[in-house]
Amino acid sequence: MLLVNLFGSKRRLLLSALLICVLIFELAYCQKDAQEQRTTPGRKAKPSKSKLGKSTNKGPRAVPGKTKIKATPAAPTQAFLSQVLNRRTFKKVGETISVQTGDSLELRCRGKPVQWSVPSYLEEDDDGRLSIVQHERYGVLTLVNTTGADTGEYTCYPMYCEDTDCRKEYDKAVKVFVFFPDPQELFVPTSDYYEVIQLRTNWPTVLPCQVTSPEAKVTLHREFPPVEVAVDGTEISFNVKKGFTIHRPRPYHAGALYCVASLGNLRQSSTKYMLIYVNYPMAPPAPVIKASSSSVAVGENLRVDCSVVGEQNVAVEFTWEYPGQQIGRPLYTQESISPVAGGTARQQSRSVLLVDEVRDVDQGTYTCTAQNLQGATSVSTTVKVVPKARAKKP
């Protein structure tokens, strides 16, 4: 019995010693692990679950150091226009491109945002074939089911914006003239049989004989007498994107003209252009006014002369303001046109205001206004009315 008790005591002592060793080993291991966490590079301690500094206020959180300042808007980048050939192929466009009728036209313009202008035909009615989409950094113009009538200039305008106010950057615009060759239509279709165009002496005149193909040969013709008009590149020139330009219109350019285009075995005529010559003045008139006398006695007659020297065949219209208007005194004028001597192709236009038997009410300011197609100019003079002199007794 004593032996059993002794054996049990030794067993309990051994188990206790083993338990103590295990505890010492665990404690040493934990201390070593903590030391490695502090000294091992790149290793991070577990973050604490408590979020220090978190405000318990449920209101809006202020962002420190971020003051709202109205910044000066940056200028837009230079626009860049390209043709989208497929989803992964882009081609930078030049001055002109050609797209076969029936195919789709897709243009991409870099800018944020941009605006587009298209031929007037499409602006009025595109039949739902035209779509314009603005993406984050570029705009896309897409035209489907194209026809020869879509031929014309397509322009992309970068926009300069301040808040909600935007304007076009005209000097940064990029444009391309797109031809849509049509095997049946050499000229861009139009519903007009003829078009009236003014020939202005001070402004070039354009006959817009626009063709659908840049390969077409275009000539200018007069209807009567039937003859081809010479195009020398100086007096008259041709541009495939614009048509024929008469740089300095003259009276002999007036009449009915039309264009003829030929390509291969196809030959077609354009709409007719009725050219009307209008001699536009170079500047507004410069009238000169002069009264027959600055002091007129009651009962005498008064003449106020207003004249303008200008280009020949330039009409000048005169209007008057005079003191007698206040009482309804009628206006009597004499108007005339006469050439100016010296062979300078100039003329004098003249208007004379006549006032018979002057009365006191005719005293005051006389104003003449001369007007032509460029503007109007007014000049004035003052007339004094004095009592009628009494005849001396013999």
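The structure presented is a predicted model; accordingly, all values stated were derived computationally and were not measured. (Residues numbered from 1 in each chain as written. Predicted model: local features only at pLDDT ≥ 70, side-chain atom pairs only at ≥ 80, totals over all residues. Heavy atoms only, no water.)

J.: Would you mind going over the sheet that holds strand β23 (residues 317–321) in detail, with residue names and values included?
T.: Taken together, the four strands give an open sheet; going across it, the order is β21-β27-β26-β23, and neighbouring strands pair in mixed fashion. Unpaired on one side and paired on the other, β21 (295–297) and β23 mark the two borders of the sheet. Taking the axes of each pair of neighbouring strands and ignoring which way they run, one obtains an average angle of 30 degrees across the sheet. (Pairing = 2+ DSSP bridges. Helix = DSSP H or I, 4+ residues; strand = E, 2+ residues; numbered from the N terminus. Axes fitted to C-alpha atoms, helices over the stretch in contact; angles between N-to-C directions.)

J.: Explain the pattern of salt bridges to me, using residue names and the numbers behind them.
T.: Under the criterion given, the structure shown has seven salt bridges. Between Glu223 and Lys272 there is a salt bridge, with its nearest N and O atoms 2.3 Å apart. Of this pair, Glu223 sits in the loop between β13 (217–222) and β14 (227–228) while Lys272 sits in strand β19 (residues 272–278), placing them 49 residues apart in sequence. You can call Lys272 partly exposed: its relative accessible area is 21%. Residues participating in the shared-partner salt-bridge network are Glu169, Asp171 and Lys172. (Salt bridge = Lys/Arg side-chain N within 4 Å of Asp/Glu carboxyl O. Buried < 20%, exposed > 50% of the residue type's maximum accessible area, 1.4 Å probe, protein only.)

J.: Describe in detail the packing of aromatic side chains, supporting the description with residues and values.
T.: Tallying each qualifying case throughout the model produces three aromatic pairs. The interplanar angle of 70 degrees and the centroid separation of 5.4 Å between the aromatic rings of Tyr157 and Tyr170 together place this pair among those described as edge-to-face. Note that Tyr157 is positioned in strand β8 (residues 152–162) and Tyr170 in the loop between β9 (165–168) and β10 (174–179), a separation of 13 residues in sequence. Owing to a relative accessible area of 58%, Tyr170 belongs among the exposed residues under this scheme. Geometrically, the ring pair formed by Phe238 and Phe244 is tilted, given 4.7 Å between the ring centres and 45 degrees between the ring planes. What makes Phe238 partly exposed here is its relative accessible area of 32%. For Phe244, a relative accessible area of 1% corresponds to the buried category. Taking NZ or CZ as reference, Lys168 lies 4.6 Å from the ring centre of Tyr157, over its face. (Phe/Tyr/Trp six-rings, centres within 6.5 Å; stacked < 30°, edge-to-face > 60°. Lys NZ or Arg CZ within 6 Å of the ring centre and 35° of its normal.)

J.: Got a sec to walk through the state of the cysteines? Specific residues and values, please.
T.: Applying the stated criterion across every chain yields a total of four disulfides. Across the disulfide from Cys109 sits Cys156; the S-S distance is 1.9 Å. Across the S-S bond of Cys109 and Cys156 the torsion is about -80 degrees, and the bridge reads as left-handed. With Cys109 in strand β4 (residues 105–110) and Cys156 in strand β8, this pair connects stretches of sequence that are 47 residues apart. Cys156 gets classed as buried once you look at its relative accessible area, which sits at 0%. Linked covalently through their sulfurs, Cys306 and Cys368 form a disulfide whose S-S length is 2.1 Å. Sign of the S-S torsion, about -75 degrees for the bond between Cys306 and Cys368, identifies this disulfide as left-handed. Residue Cys306 is located in strand β22 (residues 302–311), and its partner Cys368 is located in strand β26 (residues 364–372); the two are separated by 62 residues in the primary sequence. Neither Cys306 nor Cys368 differs from the other in exposure class; each is buried. The disulfide pattern of the protein chain is 1-2, 3-4, 5-6, 7-8 when the bonded cysteines are numbered in sequence order. (Disulfide = S-S within 2.5 Å.)

J.: Break down unusual backbone geometry for me, with residues and values.
T.: In this chain, Phe224 is followed by Pro225 through a cis amide linkage whose omega measures -5 degrees. Examined against the element boundaries, Pro225 turns out to sit in the loop between β13 and β14. A positive phi is found at Asn313, a non-glycine position, where the angle reads about 65 degrees. Mapped onto the fold, Asn313 is located in the loop between β22 and β23. Of note in the backbone geometry, Glu357 takes a positive phi value of approximately 50 degrees without being a glycine.

J.: Requested: an account of the layout of surface pockets, with residues and values cited.
T.: Empty space within the largest pocket amounts to approximately 840 Å³. In terms of lining residues, the largest pocket is bounded by 28 residues, among which Ser120, Val188, Pro189, Pro208 and Gln210 are the most central. Elements with a minimum of two residues in the lining of the largest pocket: α2 (120–124), β8 and β18 (266–269). Residue contributions to the lining of the largest pocket peak at three residues, all from α2. Each residue belonging to the lining of the largest pocket can be placed in one class, and the counts come to ten nonpolar, eleven polar and seven charged. (1 Å grid on protein atoms, 1.4 Å probe; cavity = no way out; pocket = protein on both sides within 12 Å on 5 of 7 lines; lining within 4 Å. Points joined across faces, edges and corners; volume = space filled by probe spheres on them. Nonpolar A, V, L, I, M, F, W, Y, C, P; charged D, E, K, R; others polar.)

Remember that the coordinates give geometry; whether it matters functionally is a separate question.
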